[in-house]
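Summary of structural features
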Amino acid sequence: MKMVKKILLGIVTAAAVLSLAGCGLRKKGGNESMIKVPLGSSKATVDETNESTTDVSRGFKTLQTKHTDAICKITNTINGTSCDGVMGYIFDYKEETDKSVSFTIAGLRIKTDSDGKHFASAYVETYKNVDPETLETGSGFMKLNGTKANPISASYDYGWGSADGNFGKILARPADVEATLAANKALGRENEIDTWVELVANLGDGTEGRNGTAGTYTVNFYYNDPGRTKGTGNNKLTYDHSEYKLAYATVTTTNTAFTTELPQTEQGFYATVYGGQTLTGKWEFSAIKKEAEEIEE
């Protein structure tokens, strides 16, 4: 994997905690220490305390080279009795000709319910033509013309529960998360919960299991590694959508070229730390599709 290129962080008001209105996308600036990526690695970590009790801090790093899609394993470590923040997979980041930016985030968080049980919730949202000067401040993104850049929600197609306030939708029942926490504790990984987020770019022809409508992305969430294995010829991958699947969503794009050939876009790691909380976790990309050469496991 090539070295990380972008470091993008920001501070936003507490109103953005539930609105999901940003990710501190910016070419320069911000706290470069929030997300740590070793040189040449496809892994990253976060262990960040937000000293502010009124603001949230957030940011992401994207990989230097562009890719089609991948699997991202996200490991959350539960530090407190509430919700520490959000970890996610950001993809399809691009700079538009008018100097605005567009991107999609698959965000995930672990929460504690009133009975002390933990559950996971997630969202998949696209932001288009955002003014980069508005990404680090305020409770929402703005367009270049000064109007609000509202998110475009994905189609939540399968396996989703009820809404989790304004955040997104319930991804896993408390019993599922509690069972995973207990299993990891037995392995010496106390308070850790793993979720796999798989991005699939669809051409609509069934090639390599890309069965969705041409020009769309499918975002799958799993509680165990879904697996992609090398096929034969032209480094093709096969997809194993196993019984581990929790839910999936569909993202519709407006890139017409995507309907005839697989896209290559900037992708990477996303994090938000809520006020007064410590967010601890790690990401690991695997089965990365379409770069100079594919990543060997």
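Residues numbered from 1 in each chain as written. Predicted model: local features only at pLDDT ≥ 70, side-chain atom pairs only at ≥ 80, totals over all residues. Heavy atoms only, no water.

Quick notes on the overall build of the protein
For the record, the criterion: Per the convention used, a helix needs a DSSP run of H or I reaching at least four residues, while a strand needs a run of E reaching at least two, with both numbered from the N terminus. Each residue's exposure class comes from its accessible area (1.4 Å probe, protein chains only) as a fraction of the maximum for that residue type: buried when under 20%, exposed when over 50%, partly exposed otherwise. Should any heavy atoms of two residues lie within 4.5 Å, those residues are considered in contact. All accessibility values rest on the Shrake-Rupley procedure with a 1.4 Å probe; residue burial counts only the protein chains present in the view.
Across its full length, the protein holds 2 helices and 18 strands. Relative to its full complement of 297 residues, the protein shows a buried share of 52%. Expressed as a percentage of contacts within the protein between residues at least 6 apart in sequence, the contacts between residues at least 24 apart total 72%. Of the roughly 12800 Å² that the protein leaves accessible, carbon and sulfur atoms contribute 49%.

Looking at the pairing of strand 5 (residues 69–77)
Inclusion rule: Here, any two strands with at least 2 DSSP bridges between them count as paired.
Among the 9 residues in strand 5, 8 count as buried, and that is most of the element. Relative to strand 18 (residues 278–289), strand 5 is paired through 8 bridges, and the arrangement is antiparallel. Pairing of Asp69 across the sheet is with Lys289, part of strand 18. Note that strand 5 and strand 12 (residues 192–201) share 7 bridges and pair antiparallel. Residue pairing in the sheet places Ile74 in a bridge with Thr195 of strand 12.

Things to note about the sheet that holds strand 12
Strand order in the open sheet formed by 8 strands is 2-3-18-5-12-13-16-10, and the pairing between neighbours is antiparallel. Of all the strands in the sheet, the pair left with one neighbour each is strand 2 (35–36) and strand 10 (155–158).

Re the pattern of salt bridges
Applied cut-off: Here, a salt bridge means any Lys or Arg side-chain nitrogen found within 4 Å of an Asp or Glu carboxyl oxygen.
Here the structure, examined in full by the defined rule, presents 7 salt bridges. Residue Lys111 is joined to Asp164 by a salt bridge in which the shortest nitrogen-to-oxygen separation is 3.1 Å. Residue Lys111 is located in strand 7 (residues 101–112), and its partner Asp164 is located in the loop between strand 10 and strand 11 (169–172); the two are separated by 53 residues in the primary sequence. Note on Lys111: relative accessible area 22%, which makes it partly exposed. Measuring nitrogen to oxygen at the nearest pair gives 3.9 Å for the salt bridge that ties Glu190 to Lys185. With relative accessibility at 52%, the residue Lys185 sits in the exposed group. One connected set of salt bridges, linked through shared partners, spans Arg109, Lys111 and Asp164.

A short note on the nonpolar core
Using the following cut-off: Side-chain atoms within 4.5 Å link the members of a nonpolar core, which is a set of buried Ala, Val, Leu, Ile, Met, Phe, Trp, Tyr and Cys residues.
Among the nonpolar cores identified, the biggest contains 46 residues, and Leu171, Val219, Phe221 and Trp283 are the most heavily contacted of them. Ignoring any residue separated from it by four or fewer positions in sequence, one finds Leu171 in contact with Leu108, Ala120, Ser121, Ala122, Gly159, Trp160, Thr195, Phe221, Leu246 and Ala247.

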